[in-house]
Amino acid sequence: MVSRSYGRNSLSRVVAIAAAGSGLFYGSSNPDSKTRISLSIPATLHESVLVRRQMSQSFTPHSPFISSDRWQFGNVSLVSSRVNPASAGSIKKEYPVTKEAPVKEETTGDVKDGKDSCCRCLGRDTIANAAARVCPAVVNLSAPREFLGILSGRGIGSGAIVDADGTILTCAHVVVDFHGSRALPKGKVDVTLQDGRTFEGTVLNADFHSDIAIVKINSKTPLPAAKLGTSSKLCPGDWVVAMGCPHSLQNTVTAGIVSCVDRKSSDLGLGGMRREYLQTDCAINAGNSGGPLVNIDGEIVGINIMKVAAADGLSFAVPIDSAAKIIEQFKKNGRVVRPWLGLKMLDLNDMIIAQLKERDPSFPNVKSGVLVPVVTPGSPAHLAGFLPSDVVIKFDGKPVQSITEIIEIMGDRVGEPLKVVVQRANDQLVTLTVIPEEANPDM
């Protein structure tokens, strides 16, 4: 460490520096004693800091870093490098690798934690590394926009290459127009990569309800591809990174946290089929739609889709687990097949069960399950014998505690008989057989 101490008369020759948290600055303004400033700088950073000695003798009050009634600091100029190339070797000697101290790998730029470090801890370069892993695969999309059959400009959005063969995952509203729920292709899509290459893309598939689409480009040279993660592992408070091309500004990265992992479409006032979104406070704007939401491991965990226009910090993304199932159905069926039962359902928990039993003592003695408040007349569930107030405890032989589990079990099984066990008032157990129909796409 290099330490210097200065009196008031030589104050004009001092700059207070805290380089990457490695400098220590202390000042005293006691009017009854000499004003002194102490500055401690690591030896490895001492030569990398350029101090401007030609400072004005009088401190201007209009741009102070620190101010008080007795003194002010202003007009402080400094230039420092993040890493001193000339002393990289000495840095390694002075800061040996321990389990508490992460070390930066010069070959990849990634931060490697020590033996016992927490893999989910946020380090100085965590967000930068996560963005760097996905950035080459982020693309800018531009598609013609039509109104009543008349070309009215071009829509912009983002996407991510998820396969080296040129498969791009994005939002459907970016690349197709919808008449009802039926996709009307906008024609060819202009695709611009982060490295400046441009391609003409073709929309292979698009789904109205999930707002997921697949665009394909062909390249004779290798294409970067981002890795898909798992959105089910996210928790409220986890750090995430939103990437895309808002207002066609490529290489734009914003960061925030997960606010909610299962925000329902009904919570947002959206009708139609039930959907769930990831809610974050990442800043997204027009043109971010279709861009990837990335975890700190550099994996795509969501597709940015929308924000609340009248509020800040309310952004939403399609969970990548849901998007992956849509992609599987695109490959299998060429479209998304959704089974329909004709039930309105509600997840039960201890508090809801206690409240229902207080209202009706005959309510079944269950610890969990899915309540059926409404059965649509003429629906497959009505024909199978479902009744309002039934509690679903098993679906296709598997215990269930949530609507999500029922949806996952059904998958795309249309026309296939499924056994369902329900528990009714006074603990009556009934086994029903329901045959799902394909949902009307205009629902």
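Just so you know, these numbers come straight off a predicted model, no measurement behind them.

**Comments concerning the overall build of the chain**
Okay, step 1: The number of helices and strands found in the chain is eight helices and 32 strands.
Okay, step 2: A buried classification covers 40% of the 443 residues belonging to the chain.
Okay, step 3: Counting contacts in the chain only where the partners sit at least 6 residues apart, residues at least 24 apart contribute 57% of the total.
Okay, step 4: Of the roughly 24200 Å² of accessible surface on the chain, 53% is carried by carbon and sulfur atoms.

**What to know about the environment of L348**
Okay, step 1: Position of L348 among the secondary structure elements: in the loop between β26 (343-347) and α6 (350-359).
Okay, step 2: In sequence terms L348 and S368 are 20 residues apart; their C-alpha atoms lie 5.7 Å from each other.
Okay, step 3: When neighbours within four sequence positions are excluded, L348 is seen to be in contact with I353, L356, F363, V366, G369, L371 and V391.

**Some points on the confidence of the model for the chain**
Okay, step 1: Per-residue confidence for the chain gives a mean pLDDT of 78; residues scoring 70 or more make up 68%.
Okay, step 2: The model gives residues 1-109 a pLDDT under 50, and that stretch makes 135 contacts with residues more than four places away or in other chains.
Okay, step 3: Under a pLDDT of 50 for its full length, residues 111-117 has, in the predicted model, 15 contacts with residues more than four places off or in other chains.

**Things to note about the pairing of strand β30 (residues 418-424)**
Okay, step 1: Of all seven residues that make up β30, five are buried, and the element is covered over most of its length.
Okay, step 2: Here strand β28 (residues 390-395) runs beside β30; their pairing, made up of four bridges, is antiparallel. Looking at β30, one finds that K394 is bridged to V421.
Okay, step 3: Bridging between β30 and strand β31 (residues 428-434) involves seven bridges; their strand directions are antiparallel. Following the sheet pairing, V420 is matched in β31 by L432.
Okay, step 4: Turn length for the β30-β31 hairpin, with the two strands adjacent in sequence and antiparallel, is three residues, and the turn residue N426 shows positive phi of about 60°.

**Quick notes on the side chain of D390**
Okay, step 1: Among the structural elements, D390 can be located in strand β28.
Okay, step 2: The exposure class assigned to D390 is buried, which follows from its relative accessible area of 1%.
Okay, step 3: Within the structure, D390 has its side chain in polar contact with the side chain of R424 (distance 2.7 Å).
Okay, step 4: Those residues in contact with D390, other than ones at most four positions away along the chain, are V370, L371, V372, G385, V422, Q423 and R424.

**Quick word on helix α8 (residues 403-410)**
Okay, step 1: Among all positions in α8, only I403, I406, I409 and M410 are buried. An end-on view of α8 places all buried positions within 125° of arc, on one side of the element.
Okay, step 2: Tucked inside the fold, the buried residues of α8 contact β25 (339-340), β26, β27 (370-375), β28, β29 (398-399) and β30.
Okay, step 3: Just past α8, the residue G411 takes up positive phi, approximately 55°.

**Quick word on the environment of G229**
Okay, step 1: By secondary structure assignment, the location of G229 is in the loop between β18 (227-228) and β19 (239-244).
Okay, step 2: Dropping the residues within four chain positions of it, G229 is found in contact with E299, I300, I320 and D321.

**As for the environment of R154**
Okay, step 1: Checked against the element boundaries, R154 lands in strand β11 (residues 150-163).
Okay, step 2: With a relative accessible area of 42%, R154 lands in the partly exposed category.
Okay, step 3: Those residues in contact with R154 that lie beyond four places of it in its chain are S142, A143, P144, R145, K188 and D190.

**Here's the deal with the state of the cysteines**
In protein chemistry, a disulfide is the covalent bond that joins the sulfur atoms of two cysteines.
Okay, step 1: This model, assessed by the stated rule, comprises zero disulfides.
Okay, step 2: The structure places no disulfide on C135, whose sulfur is separated from the nearest cysteine sulfur, that of C245, by 8.9 Å.

**Notes on the pattern of salt bridges**
Okay, step 1: As enumerated under the stated definition, the model contains twelve salt bridges in all.
Okay, step 2: Linking K332 and D412 is a salt bridge whose minimum nitrogen-to-oxygen distance equals 3.1 Å. Here K332 is found in helix α5 (residues 320-333), whereas its partner D412 is found in the loop between α8 and β30, with 80 residues between them in sequence.
Okay, step 3: On the basis of relative accessible area, K332 is assigned to the exposed category, the value being 61%.
Okay, step 4: Two residues, R424 and D390, come together in a salt bridge whose shortest N-O distance is 2.7 Å. In this pair, R424 sits in strand β30 while D390 sits in strand β28, placing the two residues 34 residues apart along the sequence.

**As for unusual backbone geometry**
Okay, step 1: For H247, which is not glycine, the phi torsion reads 55° and is therefore positive.
Okay, step 2: With respect to the element layout, H247 can be found in the loop between β19 and β20 (252-264).
Okay, step 3: Residue H247 is classed as exposed on the basis of its relative accessible area of 52%.
Okay, step 4: If you check the backbone angles, S248 has positive phi at about 65° while not being a glycine.
Okay, step 5: Note that S248 resides in the loop between β19 and β20.
Okay, step 6: Overall, the relative accessible area of 35% leaves S248 in the partly exposed class.

**Focus: the nonpolar core**
Okay, step 1: Judged by nonpolar contacts, the single largest core of 45 residues is most densely connected at L169, V175, V191, L193, I212, M243 and I303.
Okay, step 2: Top contributing element to this core by residue count: α5, with five residues.
Okay, step 3: Of the domains in this structure, domain 1 (132-217) and domain 2 (227-333) are the two that each give at least three residues to this core.
Okay, step 4: When neighbours within four sequence positions are excluded, V191 is seen to be in contact with V139, N140, L141, I168, R197, T198, F199, G201 and I217.
Okay, step 5: Counting 21 residues, the second-largest nonpolar core is a separate cluster that includes I403, M410, V430 and L432.

Rules and cut-offs
- Each chain has its residues counted from 1, following the order in which its sequence is written.
- Only residues with pLDDT of at least 70 are given local features in this predicted model, and only at 80 or more are side-chain atom pairs given and counted; all residues enter the totals for whole chains, interfaces and linings.
- To obtain the side-chain values, all non-hydrogen atoms of the structure were included, while hydrogens and water were left out.
- By definition, any uninterrupted DSSP run of H or I lasting at least four residues is a helix, any uninterrupted run of E lasting at least two residues is a strand, and each is numbered from the N terminus.
- Burial here depends on accessible area, computed with a 1.4 Å probe over protein chains only, as a share of the maximum for the residue type. Under 20% is buried, over 50% is exposed, and the range in between is partly exposed.
- Throughout, a contact is declared for two residues whenever any of their heavy atoms are within 4.5 Å.
- Exposure was quantified through the Shrake-Rupley algorithm and a 1.4 Å probe, taking into account, for residues, occlusion by the shown protein chains and nothing else.
- Each residue carries a pLDDT value, the predictor's own confidence for that position, ranging from 0 to 100.
- Criterion used throughout: strands pair if DSSP finds at least two bridges between them.
- Polar contact is the term for a pair of N or O atoms within 3.5 Å; when the atoms are in protein, one must be able to donate a hydrogen and the other to accept it, and sequence-neighboring residues count only if both atoms are side-chain atoms.
- What the arc describes is the spread of directions from the helix axis to the C-beta atoms.
- Disulfides are defined as cysteine sulfur pairs within 2.5 Å.
- Here a salt bridge means any side-chain nitrogen of Lys or Arg lying within 4 Å of a carboxyl oxygen belonging to Asp or Glu.
- Residues belong to a common nonpolar core when they are buried Ala, Val, Leu, Ile, Met, Phe, Trp, Tyr or Cys residues joined through side-chain atoms within 4.5 Å.
- The domain boundaries here were taken from an automatic or database domain assignment.

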